[in-house]
Amino acid sequence: MKSLLIQTRLDLLKTYMNEQGIDIALITSPINIYYLTGFFSNPHERFMALLVDGRTGMVSLFVPALDLELATEKSTVTDLIPVTDTDNPYEMLKDSIGTKIGSAGIEKKAVSFYQIEQLVTCFPQVNFKDLEGFLGTLRLKKSSEDIQIVRRAVEVIEKVLQYGVDKFKVGMTELELTAELEYQMKVLGAERPAFSTIVLSGANSSLPHGTPGQKKIEHGGFLLFDMGVFVDGYCSDITRTFIVGEETEQQKQIYNTVLEANLRAIEAAKIGEPIGVVDRAARDYIESQGYGQYFVHRTGHGLGLEVHESPSIHSQNEMVMEPGLLFTIEPGIYLPGVGGVRIEDDVYLNEEGKLEVLTSYPKHLIRLS
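Here the structure is a predicted model, which is why all the values come from computation and not from measurement.

Visitor: It is not clear to me how a nonpolar patch on the surface should be interpreted in this structure. Could you clarify?
Guide: Taken together, the side chains of Tyr183, Val187 and Leu188 define a hydrophobic patch exposed on the protein surface, amounting to about 290 Å² of accessible area. One can find Leu188 in the loop between helix H8 (174-187) and strand E7 (192-193). On the accessibility criterion, Leu188 (31% relative accessible area) is partly exposed.

Visitor: Just checking my understanding: could you explain the sheet that holds strand E12 (residues 238-244) for this structure?
Guide: Adjacent strands of a sheet form backbone hydrogen bonds with each other and so pair up, either parallel or antiparallel. Reading across from one edge, E8-E9-E12-E20 is the order of the 4 strands in this open sheet, with mixed pairing throughout. Either end of the sheet is taken by a strand with one partner, and the two such strands are strand E8 (198-201) and strand E20 (367-368). Pairing analysis gives 2 bridges linking E12 to E20, with the strands arranged parallel. Considered in E20, the bridge of Val244 is made with Leu368. Sheet strands in contact with helix H7 (residues 144-167) are strand E9 (222-227), E12 and E20, and its direction is about 15 degrees off that of E12.

Visitor: Any chance you could explain the pairing of strand E2 (residues 49-53) here in plain terms?
Guide: If a strand is regular, its side chains alternate between the two faces of the sheet. The buried fraction of E2 is high, at 5 of 5 residues. Side chains Ala49, Leu51 and Asp53 project from E2 onto one buried face, and the interleaved Leu50 and Val52 project onto a second face that is buried too. As paired strands, strand E1 (residues 24-27) and E2 are joined by 4 bridges and run antiparallel to one another. Looking across to E2, one finds that Ile24 is bridged to Asp53. What sits between the antiparallel neighbours E2 and strand E3 (residues 59-64) is a turn of 5 residues, in which Gly57 has the positive phi angle 85 degrees.

Calculation criteria
Residues numbered from 1 in each chain as written. Predicted model: local features only at pLDDT ≥ 70, side-chain atom pairs only at ≥ 80, totals over all residues. Heavy atoms only, no water. Patch = residues over 30% accessible without salt bridge, like charges linked within 9 Å, V, L, I, M, F, W, Y side chains within 5 Å. Areas by Shrake-Rupley, 256 points an atom, 1.4 Å probe, with all protein chains shown as cover. Salt bridge = Lys/Arg side-chain N within 4 Å of Asp/Glu carboxyl O. Helix = DSSP H or I, 4+ residues; strand = E, 2+ residues; numbered from the N terminus. Buried < 20%, exposed > 50% of the residue type's maximum accessible area, 1.4 Å probe, protein only. Pairing = 2+ DSSP bridges. Contact = heavy atoms within 4.5 Å. Axes fitted to C-alpha atoms, helices over the stretch in contact; angles between N-to-C directions.

Okay, structure coming up:
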């Protein structure tokens, strides 16, 4: 099934190349290489590229020699070209496809200026065309098979979250609790965290993307967890906020405002509507409660092979919602010196056009002691 799905993606890419008059495609983003081959590796400074020759239909994967065995095992592309640390990969590329290249498709955000210089040296007449938008469109809609993997990633991270709640003790530092969580991710089978795990307490929770530190977790403040994991290449992303001890009336109001904004945004996510209505549903409610200036980010983002993908859930996005979209809904309120609350769910517009909330961890205000 996976091999057939990947071949379908490559066929769509070849069709697009033919329509756009692109001679070759050179895919260098490790994530997109994984999407089109089933093989993932971070090459660091080494050369790795998927070559699709639109003129002949040939597909080759240039892979660092030290990853050849893994690529042989994982890649659906069988024409593997190992590149050693002393090879000149651009000369190898030129030898493979010749120099008479009129146009080359690349991912402009993934290619460095150095790489462009090397390509221009090898192919002086080349005209570059960006493939970023097309590949993003391919990855935008997730299949039911994709979502089954995402469900597993969600299941793992929710077990990790419960472990953290059970393990938590007043007096632990944010970093100590973070270490416990990331250890448990691996115990439960995650490949790695989807991003740097966020555990913030008290006033620190007012930092939307703050970094856990040596601050001890104390009574009377919020405790915010934002984390996710990769499972079989796909990721999850969840945020829950707790109160340590008893909440004040202000803390309760902030929490309930965010919770209601989260629920209204979920209700607004419907097929045929522009995606901006999701953001506006959350934002309008938070503003109506007097906290508008403290909601400082978009309501969500797409996720999949990366934790931040299209679509962007902001008020100006007029993209019409269609089946296959996977994204987060995560409104928040952040009061400097007081603390912050964010409640984040992963949601999917399924093939029947219904919204599924994939995250199931409770969202009512939970007191930890």
